[in-house]
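# Structural features, examined
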2 protein chains.
Amino acid sequence: MIKRAKGVTISQVAEAAGVARSSVSRAFTRPDMLSPETVERIMKAAEALGYVPNHTARALSTGRHGNVGLIVPDIANPFFPPMIRAAQLEADRSDFCIFLGNTEENPKQEDKLVGRFAGQVEGLVLASSRLSDERIRAHAGKLPLVLINRDLDGIPRVLIDSGSGVHEAVEHLAKLGHRKIVYVSGPSTSWSNKQRRSAVRAAASSLGIEAETVPAVLPSYNSGRNAVGAILATGATAAIAFDDLTAQGVLAGLAEKHVSVPGDFSLIGCDDVLGAVTYPALTSVSNRSMEAGRVAVSLLLDMLQSRAIRDVRYVLETHLVVRNTTAALR
Amino acid sequence: MIKRAKGVTISQVAEAAGVARSSVSRAFTRPDMLSPETVERIMKAAEALGYVPNHTARALSTGRHGNVGLIVPDIANPFFPPMIRAAQLEADRSDFCIFLGNTEENPKQEDKLVGRFAGQVEGLVLASSRLSDERIRAHAGKLPLVLINRDLDGIPRVLIDSGSGVHEAVEHLAKLGHRKIVYVSGPSTSWSNKQRRSAVRAAASSLGIEAETVPAVLPSYNSGRNAVGAILATGATAAIAFDDLTAQGVLAGLAEKHVSVPGDFSLIGCDDVLGAVTYPALTSVSNRSMEAGRVAVSLLLDMLQSRAIRDVRYVLETHLVVRNTTAALR
DNA sequence: CTGTTAGCGCGTTCAT
DNA sequence: ATGAACGCGCTAACAG
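Just so it is clear, the structure is predicted and the values come from calculations on it, not from any experiment.

Within chain A, the regular secondary structure consists of twelve helices and twelve strands. A compact globule built from 330 residues should have a C-alpha radius of gyration of about 20 Å, whereas chain A, at 26 Å, is more than 25% larger. Considering chain A as a whole, with its 330 residues, one finds that 55% of them fall into the buried category. By sequence separation, contacts in chain A at least 24 residues apart represent 70% of the contacts at least 6 residues apart. Of the roughly 13800 Å² that chain A leaves accessible, carbon and sulfur atoms contribute 51%. Averaging the coordinates of the 37 positive side-chain charges in chain A and doing the same for the 33 negative ones gives two points 5 Å apart.

This part covers the packing of aromatic side chains. As enumerated under the stated definition, the model contains seven aromatic pairs over all chains in all. Between Phe-79 of chain A and Phe-80 of chain A, the ring centres sit 5.0 Å apart and the planes meet at 90 degrees, which makes this aromatic pair edge-to-face. Since its relative accessible area comes to 6%, Phe-79 of chain A is described here as buried. Three or more aromatic residues link up through ring pairs in this structure, and these residues are Phe-99 and Phe-117 of chain A together with Phe-99 and Phe-117 of chain B. One residue, Arg-196 of chain B, lies across the ring of Phe-242 of chain B, its end atom 5.1 Å from the ring centre.

Moving on, we come to helix α12 (residues 289-306) of chain A. Residues lying three or four places apart along an α-helix face the same way, a consequence of the helix completing one turn every 3.6 residues. All names here are of chain A. Between the first and last C-alpha of α12 there are 26 Å, a value that for 18 residues agrees with the 26 Å anticipated at 1.5 Å per step. Those residues of α12 lying buried are Ser-289, Ala-292, Gly-293, Val-295, Ala-296, Val-297, Leu-299, Leu-300, Leu-301, Met-303 and Leu-304. Those residues of α12 that are buried are in contact with β1 (67-72), α5 (80-93), β3 (123-127), β4 (145-148), β5 (157-161) and β11 (313-317).

The next thing to look at is the protein's contact with DNA strand C. Neighbouring DNA strand C are 25 residues; Ile-10, Ser-25 and Ser-61 of chain A together with Arg-26 and Thr-38 of chain B lie closest to it. Between Ser-23 of chain B and DNA strand C, the recorded distance is 2.8 Å, taken from a side-chain N or O atom to a phosphate oxygen. Note that a phosphate oxygen of DNA strand C is positioned 2.8 Å from one of the backbone N or O atoms of Ser-35 of chain B. Taken together, the elements giving at least two residues each to the surface near DNA strand C come down to α2 (21-29) and α4 (55-62) of chain A together with α2 (21-29) and α4 (55-62) of chain B. When grouped by side-chain class, the residues that make up the surface near DNA strand C number nine nonpolar, twelve polar and four charged.

As annotated in UniProt, the feature "domain: HTH lacI-type" (unreviewed entry) corresponds to residues 8-62 of chain A in the numbering used here. End-to-end, the C-alpha atoms of residues 8-62 of chain A are 20 Å apart, and along that stretch the chain is 71% helix and 0% strand.

With an RMSD of 0.4 Å, the fit of chain A onto chain B corresponds to turning through 180 degrees and sliding 0.3 Å along the axis. Taken together, the turn and the small shift mark the pair as related by a two-fold rotation axis. A symmetric contact is evident, with 96% of the interface residues of chain A recurring at the interface of chain B.

Moving on: the protein's contact with DNA strand D. Neighbouring DNA strand D are 26 residues, the closest being Thr-38 of chain A together with Ile-10, Ser-25, Arg-26 and Tyr-51 of chain B. For DNA strand D, the backbone makes up 67% of the atoms found within 4 Å of the protein, where backbone means sugar plus phosphate. In the model, a base nitrogen of DNA strand D is placed 3.5 Å from a nitrogen or oxygen of the Ser-22 of chain A side chain. The side chain of Arg-26 of chain A places a nitrogen or oxygen atom 2.7 Å from a base oxygen of DNA strand D. Of all elements in the fold, only α2 and α4 of chain A together with α2 and α4 of chain B reach the threshold of two or more residues within the surface near DNA strand D.

This part takes up the side chain of Thr-237 of chain B. Residues and elements named next belong to chain B. Secondary-structure assignment places Thr-237 in the loop between α10 (221-233) and β8 (238-241). For Thr-237, a relative accessible area of 18% puts it in the buried group. A polar side-chain atom of Thr-237 sits 2.6 Å from a polar atom in the side chain of His-178. When neighbours within four sequence positions are excluded, Thr-237 is seen to be in contact with His-178, Arg-179, Lys-180, Asp-264, Phe-265, Ser-266 and Leu-329.

Now for the sheet that holds strand β9 (residues 266-270) of chain A. All names here are of chain A. In spatial order, the strands read β7-β6-β8-β9-β10-β12; together these six strands make up an open sheet with mixed pairing. The open sheet has two edge strands with one neighbour each: β7 (210-214) and β12 (320-321). Most of the contacts of helix α8 (residues 162-175) go to β9, to which it runs at about 175 degrees, and overall it touches β6 (180-184), β8 (238-241), β9, β10 (283-285) and β12. Relative to the sheet, helix α9 (residues 191-207) contacts β6, β7, β8 and β9, its axis offset from that of β6 by approximately 175 degrees.

Across the boundary between the two partners, chain A contributes 53 residues, which contact 52 residues of chain B. Of the roughly 4600 Å² buried between chain A and chain B on both sides combined, carbon and sulfur atoms contribute 56%. Joining chain A to chain B, the criterion identifies ten salt bridges. In this structure, Asp-95 of chain A engages Arg-116 of chain B in a salt bridge whose closest nitrogen and oxygen atoms are separated by 3.4 Å. Where chain A meets chain B, there are 20 residue pairs in polar contact (both at pLDDT 80 or more). Every element with two or more residues in the side of chain A that touches chain B is listed here: α4, α5, β2 (97-102) and α6 (107-117) of chain A. Split by residue class, the side of chain A that touches chain B holds 26 nonpolar, 16 polar and eleven charged. Of the strand pairs in this sheet, β2 of chain A and strand β2 (residues 97-102) of chain B are connected by three bridges, and their pairing is antiparallel. Paired with Phe-99 of chain A across the two strands is Phe-99 of chain B, which belongs to β2 of chain B.

Let's shift gears to α2 of chain A. Residue and element names in this part refer to chain A. Looking only at α2, the buried set comprises Ser-23, Val-24 and Ala-27. For α2, the angular spread of buried residues about the axis comes to 100 degrees, placing them on one side. Where α2 is buried, its residues meet α1 (10-17) and α3 (36-49).

What follows covers the sheet that holds strand β3 (residues 123-127) of chain B. Across the sheet, which stays open at both edges, the twelve strands sit in the order β11(A)-β5(A)-β4(A)-β3(A)-β1(A)-β2(A)-β2(B)-β1(B)-β3(B)-β4(B)-β5(B)-β11(B) with mixed pairing between neighbours. Every other strand in the sheet has two partners, leaving β11 of chain A together with β11 (313-317) of chain B as the edge strands with one partner each. Between one strand axis and the next, the sheet turns by 20 degrees as a mean value, whatever way the strands run. Summarising the sheet, β1 of chain A and β2 of chain A pair through six bridges and their orientation is parallel.

With that settled, consider the packing of α2 of chain B against helix α3 (residues 36-49) of chain B. Residues and elements named next belong to chain B. Running from N to C, α2 and α3 point in directions that differ by 95 degrees, and their axes come no closer than 10 Å. Classified by the angle between their axes, α2 and α3 sit roughly perpendicular to one another. Contact residues: Ser-23, Val-24, Ala-27 and Phe-28 in α2; Ile-42, Met-43 and Ala-46 in α3. Across the contact of α2 with α3, the residue classes tally to six nonpolar, one polar and no charged.

All right, on to the environment of Val-297 of chain B then. Inspection of the secondary structure puts Val-297 of chain B in helix α12 (residues 289-306). Excluding residues within four positions of it along the chain, Val-297 of chain B makes contact with Ala-87, Glu-90, Ala-91 and Val-125 of chain B.

This part is about the environment of Leu-304 of chain B. All names here are of chain B. On the secondary structure map, Leu-304 appears in helix α12. For the pair Leu-304 and Lys-175, spaced 129 residues apart in sequence, the C-alpha to C-alpha distance is 48 Å. Each residue touching Leu-304, except ones within four places of it in the same chain, is listed here: Arg-64, Val-68, Phe-96, Glu-122 and Pro-144.

Basis of the calculations
Residues numbered from 1 in each chain as written. Chains lettered and ligands numbered in written order. Predicted model: local features only at pLDDT ≥ 70, side-chain atom pairs only at ≥ 80, totals over all residues. Heavy atoms only, no water. Helix = DSSP H or I, 4+ residues; strand = E, 2+ residues; numbered from the N terminus. Rg over C-alpha atoms; globule rule 2.2 N^0.38 Å. Buried < 20%, exposed > 50% of the residue type's maximum accessible area, 1.4 Å probe, protein only. Contact = heavy atoms within 4.5 Å. Areas by Shrake-Rupley, 256 points an atom, 1.4 Å probe, with all protein chains shown as cover. Lys, Arg positive; Asp, Glu negative; His and termini not counted. Charge placed at Lys NZ, Arg CZ, Asp CG, Glu CD. Phe/Tyr/Trp six-rings, centres within 6.5 Å; stacked < 30°, edge-to-face > 60°. Lys NZ or Arg CZ within 6 Å of the ring centre and 35° of its normal. Expected span 1.5 Å × (residues − 1). Near = heavy atom within 4 Å. Polar contact = N/O pair within 3.5 Å; in protein donor to acceptor, adjacent residues only side chain to side chain. Nonpolar A, V, L, I, M, F, W, Y, C, P; charged D, E, K, R; others polar. UniProt positions renumbered as here; feature names shortened; annotations may be inferred. Least-squares fit on C-alpha atoms with pLDDT ≥ 70 in both. Pairing = 2+ DSSP bridges. Axes fitted to C-alpha atoms, helices over the stretch in contact; angles between N-to-C directions. Buried area = accessible area lost by both parts, 1.4 Å probe. Salt bridge = Lys/Arg side-chain N within 4 Å of Asp/Glu carboxyl O. Arc of directions from axis to C-beta. Parallel < 35°, antiparallel > 145°, perpendicular 65-115°, else oblique.

Laid out in structure tokens, this is it:
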């Protein structure tokens, strides 16, 4: 059985230091308002008693809890960890803590988390939200909100424009001689998915080649693998997948059907999270999730400080990273 | 500019419903203590005013904030996301929120985070802590603590016993005819690293083969890659790496030096996080980080409920997953 | 069953 | 420069 020290309070420190409670409070928040010697005496007493300011009480009194929330659809998706890490780092620079929420790709769960977070965070970052526009707007009315990869007018957002990279990808395939390609799509509620799909279509039509869409439902290895039948059925000679995970599944599925990549079929992923660890190394559209995480939190903290909400639309461009899963049609 | 609703309080609801504040409080926490009709009246008033209980105030009053903290060394390390996800899921089952902390493998940062979390969480899970025993004990004295992959007497802990799997790995290599192997180590402060290293040694000596250790400092792709020179210099014909990330780096480094795997050299990873996406598919020691996350949070919640601290030592065994980076010595 | 009264620990006027 | 007093929003102990 371990002894648990029960919180030493401001009053105990005050008594030990022979001053009023308010002085102790000041010693921690505005030391410049006290005489240096008083501050030192208080700090010494505090140290001796092992006093730690009570975050909760402070929050109740000031309304500022020094926390921000970050909600993502799936931590296990390699796209998010770097983003979370960067967000954390940025929050830490301002001594903010991060509440992490995982929605399991489920809008209901996301709503629930937002509700539970609201009230203990000063603001929220919603990454790749699966929520409806209405719900997001409703939440944004209640607390400062920054969106990642969701383009809603009037709400600060940082967007990873995979459109630019996808365009390069289609161009790349066209140059290699492919005349019919397929887009293996992701979650229908995903802004990125819509963006990539339309980028594929636009680029294809402007280059005069054919493009079809095949659904994969969830962004995962298995989804990609299961989509291979449909992909080959279209007669396409190349595919662009919603993300690297899906692409990896497609790669495996193709191997099972003895379709060689890039010999018989070219494949391009998105987000570039697996490039260095797959074989053959995956051609992919670069990912800027780290910057997105950093910028989103930075934006949020700005909002909190200025109490004003600017209509920011921060766009991060992407580009194609050519590796070994694409080749000329033979 | 968006309008932000400022909190409606319990008193306003009380007034609107024509009851005392405490009744409103009860309506939300112990409805069974009020007459059904009173509850309904209160709820209606609350609904009308858009009342939402203030989590912070409640926490201050009750001492229970319904949050637990989870601190990991590096979110970007694929070992952790599944653990975090499982922890989150388990916490959610009891309506707890998770504070996530990333220490960047830095003990000072870890200490700082623990301090910042304490006071707004009811308990803490420290995964693969880089802290000294003393610091951990000190923290455990202040709030309920559960450790993952750290074996400290008297503090509840869940351990992933990679020893069992590593033993199988060495055995596997010995059977394939390897007489000298090397262990590519991880962070010196890591409990798992010590465990794996000594498991390699013990197994090797009991099987009568040689084992050397080569340092890699951090568990990362680059570390592994940089260690290849030292690995080959030992004259070993097989290696077991601290984790899959390191192994992946080693794989790349070997390829650069035209050492073919598994033809010329056998390689085994740990944690099995990359197995399905590398080529050749990596032989690795299974990982049970998901269970570890789930169990740790579950343990913590138990502690919180019973206010008693049991000396639990929950061990998860591992085993070898043979894939394609190991082969008989030729 | 319901209202009254104290705090929870801290920040912040307002005096001194 | 420092202290006294009030309030943040809510829960809990104590009446009735």
